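# Structural features, examined
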Amino acid sequence: MNQHNRILTAMSGGVDSSVTAVLLLEQGYSIAGATMKLYAPESGTSDRPCGTEDNIADARRVCDALGIDFYQFDFTDLFHTEVIQRFADGYACGLTPNPCVDCNRHLKFGRLLEQARAEGFDAIATGHYARIEYSDTYGRWVLKKGAAPAKDQSYVLYSMTQDELAHTLLPLGSYEKDDIRAIAEARGLVNARKKDSQDICFIPDGDHGRFLCEHCGLSAVPGDFIDKTGKVIGQHRGVIYYTVGQRRGLGISADRRLYVIDKNAARNTVTVGYEEDLMCTEFSVRDVNWIAWEQVTQPVHCRVRTRYHGAETPATLTPEGGTVHVRLDAPQRAVSPGQAAVFYDGDIVLGGGTICE
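Residues numbered from 1 in each chain as written. Predicted model: local features only at pLDDT ≥ 70, side-chain atom pairs only at ≥ 80, totals over all residues. Heavy atoms only, no water.

Per the secondary structure count, the protein includes seven helices and 17 strands. Taking 2.2 N^0.38 as the reference for a compact globule, 357 residues should give roughly 21 Å; the C-alpha atoms of the protein span a radius of gyration of 21 Å, in line with that estimate. Looking at the protein residue by residue over its 357 residues, the buried ones come to 54%. At a minimum sequence separation of 6, the contacts of the protein that also span at least 24 residues come to 64%. Total accessible area on the protein is roughly 16000 Å²; 44% of this is exposed by carbon and sulfur atoms. Averaged over its 37 positive side-chain charges, the protein has a centre that lies 4 Å from the centre of its 47 negative ones. (Helix = DSSP H or I, 4+ residues; strand = E, 2+ residues; numbered from the N terminus. Rg over C-alpha atoms; globule rule 2.2 N^0.38 Å. Buried < 20%, exposed > 50% of the residue type's maximum accessible area, 1.4 Å probe, protein only. Contact = heavy atoms within 4.5 Å. Areas by Shrake-Rupley, 256 points an atom, 1.4 Å probe, with all protein chains shown as cover. Lys, Arg positive; Asp, Glu negative; His and termini not counted. Charge placed at Lys NZ, Arg CZ, Asp CG, Glu CD.)

Strand order in this open sheet of four strands is S9-S8-S11-S10, and the pairing throughout is mixed. In this open sheet, the two edge strands, each paired with only one partner strand, are strand S9 (232–236) and strand S10 (259–264). The average undirected angle you get between the axes of adjacent strands in this sheet is 30°. Summarising the sheet, S10 and strand S11 (residues 269–273) pair through five bridges and their orientation is antiparallel. The partner of Lys-263 across the bridge, within S11, is Val-270. (Pairing = 2+ DSSP bridges. Axes fitted to C-alpha atoms, helices over the stretch in contact; angles between N-to-C directions.)

So, about the nonpolar core. One broad rule of soluble globular proteins: the nonpolar side chains tend to lie buried together. Residues Leu-8, Phe-79, Leu-143, Leu-157, Phe-202 and Leu-212 are the most contacted members of the largest nonpolar core, which totals 57 residues. If you tally residues by element for this core, the top one is helix H4 (residues 99–118), at seven residues. If we ignore the near neighbours within four places in the chain, the residues touching Leu-143 are Ala-130, Arg-131, Ile-132, Ser-154, Leu-157, Tyr-158, Leu-165, Leu-170, Ile-291, Asp-347, Ile-348 and Val-349. (Core = buried A, V, L, I, M, F, W, Y, C linked by side-chain atoms within 4.5 Å.)

This next bit is on the sheet that holds strand S3 (residues 70–74). As summarised here, the arrangement of the five strands in space is S3-S2-S1-S4-S7, forming an open sheet in which the pairing is parallel. In this open sheet, the two strands that pair with only one neighbour each are S3 and strand S7 (168–169). Of the pairings in the sheet, the one linking strand S1 (residues 6–10) to strand S4 (residues 123–125) comprises three bridges and is parallel in character. Of the residues in S4, the one forming a bridge with Ile-7 is Ala-123.

This part takes up the side chain of Asn-268. Structurally, Asn-268 can be placed in the loop between S10 and S11. Residues contacting Asn-268, with those up to four places away along its chain left out, are Val-221, Pro-222, Gly-223, Asp-224, His-236 and Val-239.

Relative to the helices and strands, Leu-157 is located in the loop between strand S6 (140–145) and helix H5 (162–166). The sequence separation of Leu-157 and Leu-143 amounts to 14 residues, and the corresponding C-alpha distance is 8.2 Å. Not counting chain neighbours up to four residues away, the residues in contact with Leu-157 comprise Asn-104, Phe-109, His-128, Ala-130, Leu-143 and Leu-170.

This part is about the packing of helix H3 (residues 76–92) against H4. Direction vectors running N to C along H3 and H4 enclose 165°, while the axes themselves pass 9 Å from each other. As summarised for this structure, H3 and H4 are arranged roughly antiparallel, according to the angle between their axes. In this structure, H3 meets H4 at a crossing whose hand is right-handed. Contacts between H3 and H4 involve Leu-78, Phe-79, Glu-82, Val-83, Arg-86 and Phe-87 on the former and, on the latter, Pro-99, Asp-102, Cys-103, His-106, Leu-107 and Arg-111. Grouping the amino acids of the contact of H3 with H4 by side-chain chemistry returns seven nonpolar, one polar and four charged. (Parallel < 35°, antiparallel > 145°, perpendicular 65-115°, else oblique. Left-handed = near helix turned anticlockwise from the far one by under 90°. Nonpolar A, V, L, I, M, F, W, Y, C, P; charged D, E, K, R; others polar.)

It is worth spelling out helix H6 (residues 177–186) at this point. Of the residues making up H6, those classed as buried are Lys-177, Ile-180, Arg-181, Ile-183 and Ala-184. The buried residues of H6 occupy an angular sector of 160° when projected down its axis, which confines them to one face. Structural note: H6 exposes Asp-178 and Ala-186 on the side pointing more than 90 degrees away from its buried face. Where the residues of H6 are buried, they touch helix H1 (15–26). Looking one or two places after H6, you find Gly-188, whose phi comes out positive at around 70°. (Arc of directions from axis to C-beta.)

It is worth spelling out the environment of His-309 at this point. Looking at the secondary structure, you find His-309 in the loop between strand S13 (300–305) and strand S14 (313–320). Taking relative accessible area as the criterion, His-309 reaches 55% and is therefore assigned exposed. Taking the C-alpha atoms as reference, His-309 lies 19 Å from Val-285; in sequence the two are 24 residues apart. Setting aside residues no more than four positions away along its own chain, His-309 makes contact with Ala-150 and Asp-152.

And the structure:
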């Protein structure tokens, strides 16, 4: 891409996307800003990124200060269908879904790119901490980790396609967060010290069980806590309130700390065990998106991450029909069905998919 391309920059109202716009302008691009209204909570604080009036106003103010056009797109229906409903369906089945992955796949790098093209733009840009390059080695566009390990967001971007990678700019990929705030302050941006969003944006208080009951129509039916032998050792509030690896809030007396090690929505049971019971050395991954290759037919040795900011573990990937079998060189803790497993070769994201039940 050259400096004459028209770029539509996703503007959440936060400092990262605002500095994205600043950097692109200073690099000579012709840009405009766009806020996607995804979810407007009934109540919540202004640091939430998904459609609050305060955040829309902040994005508009930054665009006005930069002298660029501002667009607002209402994607609330699509967000509900592709993110919130998938999140609810996953929990109803006993999974632990990752809504950030679905939001990036269907909204930020799917629908937004379509909308940008409809408005006459050549590409989009976002404030993610990751990098996109064309690789002569692979002969394809590749996604790479952000240069700052603590801020790297490549894990939630593994579903990007070649078309999306070729038409997306990620200007923050080589920066540290402190650098971004310093740039924002130096340019006098109104949100230079705005708090970063945390956790799931559409659940401001972090109580996903309550949200699923009150907003998604799910029922929290009490059931049995069981141990690995199937023995009933207590009563739970409802499967939707628990995640694999959870320790707090179980309400079970034991001589050692207990953790959730499995959930079975069909039987309405939550299995608990000890720390060592959480360790996993192999699992399967479905809905795999390969970035570095068109397809994979032979075993691949790489590193695998099973949590957003989790450690990477050396592993062997073996294609098995429509899934990929992952064998880890060392056990990983709390590998959770519904979460993403992302495959790396150094800084390069080879691909990723969803951990199977």
